[in-house]
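Listed below, chain by chain, are the residues.
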Amino acid sequence: MASLDEPFIVGNLKLPNRIVMAPMTRTQSPGGVPGPDVAKYYARRAANQVGLIITEGTYINCAAAGAFENVPHFYGEQSLAGWAHVARQVHQAGGRIIPQLWHTGLARTETDPPAEGPSGLGLDGTPTGKAMTQRDIDDTVAAFTEAAATAERLGFDGIEVHGAHGYLIDSFLWRDTNRRTDRYGGDPASRACFAAEIVQAIRATVSPGFPIFFRLSQWKMNNYQARIAENPDELAQLLTPLADAGVDAFHASTRRYWLPEFDGSDLNLAGWARKLTGKVAVTVGSVGMDQQYGDGGDFTSGFTQRSGVTGIGELVARLERNEFDLVAVGRALLANPDWAARVLRGELAEMAPYDPAILATLS
């Protein structure tokens, strides 16, 4: 496991190893306020040698940003005080932590205010919510920027922009939901314009070495066949504007990290992001699991079936080939807060199996 235990630097952030805690929505923050139990939950992983923690998605300060109850906010006095405590606890445990900044976009079901998207089209192509005006776009860019600046002020080690899974930013990247005819729609580079404006505004506001991660995916909620890019050239057109705007690391969300993304190459999505942009790449997708996310055919199946922990030999081999730089772990870290420490000691066989009942707790 030596390659997983190597230190790594992104921006001014120095990581002790290559293991990252993936962002996982926990809905354990009543009223949007992360409590002491949330701080202990993250600090427990930090104390057990997780190199970098990416928090669950946190709502930016937009009225239409939220879609689910008890998800933490990244605005408001009480919520920010809670997050400051989380950051302190993680740092005291020897860890590094960045918040994931989130606008759920088309996932919102409330009508006041309605869901926002590029063209007022849902993930299934039916009319949903409202098409964003330029004022809406400008306000959203400002809200992401404010949240990023707040994260640096509170002592976090960087931020991640959530641009995956059919949520707001991803809905601009995907041609099926983005039918705009202004500068935010059309070819892949134009569809990336909204995301690039967010990143550029953040980059201009935070310190030069404060790292910006960007999470992307092909798949959407309940649509595992969706693709924002059909080939490497389209992916390059989407990611190059983001890299130029200031993204330091691309966090490529896949269901199975070992599957090739495009014909003719063994590279996964993270591998292609690294190859095309030269930026840091984070891979994620069923690391250590024998039940791959979504095997039941729908969005919830990855969280309703018992899964065990399996070997990660191929993961290590790909890391050693420099296909990607960092490895994000989700469900296995829910079941085993000490997953990183055990893996680095070579004790993979002793892991507890994942059980969906864990989702009801902050163990």
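Residues numbered from 1 in each chain as written. Predicted model: local features only at pLDDT ≥ 70, side-chain atom pairs only at ≥ 80, totals over all residues. Heavy atoms only, no water.

Peer 1: Can you break down the sheet that holds strand 9 (residues 212-217) residue by residue, with the values?
Peer 2: The strand order 3-4-5-8-9-10-11-12 describes a closed barrel built from 8 strands, whose pairing is parallel. In this sheet, adjacent strand axes meet at a mean angle of 25 degrees when their direction is disregarded. (Pairing = 2+ DSSP bridges. Helix = DSSP H or I, 4+ residues; strand = E, 2+ residues; numbered from the N terminus. Axes fitted to C-alpha atoms, helices over the stretch in contact; angles between N-to-C directions.)

Peer 1: Go over the packing of helix 6 (residues 193-205) against helix 7 (residues 232-245), please, and point to the residues and values.
Peer 2: Where helix 6 meets helix 7, the closest approach of the two axes is 8 Å, and the angle between their N-to-C directions is 15 degrees. One finds that helix 6 runs roughly parallel with respect to helix 7. Both helix 6 and helix 7 take part in a crossing whose hand is right-handed. Here Ala-195, Ala-196, Val-199, Gln-200 and Arg-203 of helix 6 lie close against helix 7, whose contacting residues are Pro-241, Leu-242 and Ala-245. Here the residues of the contact of helix 6 with helix 7 are counted per class, giving 6 nonpolar, 1 polar and 1 charged. (Parallel < 35°, antiparallel > 145°, perpendicular 65-115°, else oblique. Left-handed = near helix turned anticlockwise from the far one by under 90°. Contact = heavy atoms within 4.5 Å. Nonpolar A, V, L, I, M, F, W, Y, C, P; charged D, E, K, R; others polar.)

Peer 1: So, the pairing of strand 9: which residues are in play, and what are the values?
Peer 2: For strand 9, a buried count of 6 out of 6 residues is recorded, marking the element as mostly surrounded by other parts of the structure. Residues of strand 9 alternate between two faces, with Ile-212, Phe-214 and Leu-216 on one and Phe-213, Arg-215 and Ser-217 on the opposite face, all of them buried. Note that strand 8 (residues 159-162) and strand 9 share 4 bridges and pair parallel. Counterpart to His-162 in the pairing with strand 9 is Arg-215. Both strand 9 and strand 10 (residues 249-253) contribute to a ladder of 5 bridges, which runs parallel. Considered in strand 10, the bridge of Phe-213 is made with Ala-249. (Buried < 20%, exposed > 50% of the residue type's maximum accessible area, 1.4 Å probe, protein only.)

Peer 1: Describe the UniProt feature "domain: NADH:flavin oxidoreductase/NADH oxidase N-terminal" (unreviewed entry) in the protein chain, and please don't skip the residues or the numbers.
Peer 2: On the UniProt side, "domain: NADH:flavin oxidoreductase/NADH oxidase N-terminal" (unreviewed entry) is annotated at positions that read residues 5-250 here. Along residues 5-250 the backbone is 35% helical and 16% strand, and the end-to-end C-alpha distance reaches 20 Å. (UniProt positions renumbered as here; feature names shortened; annotations may be inferred.)

Peer 1: Can you tell me about the packing of aromatic side chains, naming the residues and giving the values?
Peer 2: Taken as a whole and assessed by the stated rule, the structure comprises 13 aromatic pairs. When the ring of Tyr-257 is compared with that of Trp-258, the centres are 5.0 Å apart and the planes differ by 85 degrees; the resulting orientation is edge-to-face. With a relative accessible area of 24%, Trp-258 lands in the partly exposed category. Clustering of aromatic rings is evident, with ring pairs tying together Tyr-59, Phe-68, Trp-102 and Tyr-167. Between the NZ or CZ atom of Arg-255 and the centre of the ring of Tyr-224, over which it lies, the distance is 3.8 Å. (Phe/Tyr/Trp six-rings, centres within 6.5 Å; stacked < 30°, edge-to-face > 60°. Lys NZ or Arg CZ within 6 Å of the ring centre and 35° of its normal.)

Peer 1: Break down the packing of helix 7 against helix 8 (residues 269-277) for me, citing the residues and quoting the values.
Peer 2: Across the interface, helix 7 lies against helix 8 with an axial gap of 9 Å and an inter-helix angle of 65 degrees. Classified by chirality, the crossing of helix 8 by helix 7 is right-handed. Counted together, Pro-232, Leu-235, Ala-236, Leu-239 and Ala-243 of helix 7 and Leu-269, Trp-272, Ala-273, Leu-276 and Thr-277 of helix 8 form the full contact between these two elements. When grouped by side-chain class, the residues that make up the contact of helix 7 with helix 8 number 9 nonpolar, 1 polar and no charged.

Peer 1: So, helix 9 (residues 313-320): which residues are in play, and what are the values?
Peer 2: What helix 9 keeps buried is the set Leu-315, Val-316, Arg-318 and Leu-319. For helix 9, the angular spread of buried residues about the axis comes to 160 degrees, placing them on one side. In helix 9, the exposed residues that point more than 90 degrees away from the buried face are Gly-313 and Glu-320. Considering only its buried residues, helix 9 is in contact with strand 11 (280-284) and strand 12 (326-329). Phi for Asn-322, located one or two positions after helix 9, is positive at around 65 degrees. (Arc of directions from axis to C-beta.)

Peer 1: Lay out the pattern of salt bridges in plain terms, naming residues and giving numbers.
Peer 2: Pairing of side chains with opposite charge becomes possible as their charged atoms draw close. Using the criterion set out here, one finds 17 salt bridges in the structure. Of the charged contacts in the structure, one is a salt bridge between Glu-6 and Arg-18, with a shortest N-O distance of 3.3 Å. With a gap of 12 residues between them, Glu-6 in the segment before strand 1 (8-10) and Arg-18 in the loop between strand 2 (13-15) and strand 3 (19-21) connect regions that are remote in the sequence. For Arg-18, a relative accessible area of 11% gives the class buried. (Salt bridge = Lys/Arg side-chain N within 4 Å of Asp/Glu carboxyl O.)

Peer 1: So, unusual backbone geometry: which residues are in play, and what are the values?
Peer 2: A cis amide bond links Asp-112 to the next residue, Pro-113, at an omega of -5 degrees. Residue position: Pro-113 is located in the loop between strand 5 (97-102) and strand 6 (116-117). Phi is positive for Asn-70, close to 60 degrees, though the residue is something other than glycine. Even without being a glycine, Asn-222 presents a positive backbone phi close to 65 degrees. Assignment of secondary structure puts Asn-222 in the loop between strand 9 and helix 7.

Peer 1: Which residues make up the confidence of the model for the protein chain, and what values go with them?
Peer 2: In this model, the protein chain carries an average pLDDT of 94, and 95% of its residues clear a pLDDT of 70 or more. Below pLDDT 50 for its whole length, residues 297-301 participates in 11 contacts with residues either more than four positions away or in separate chains. (pLDDT = per-residue confidence, 0-100.)

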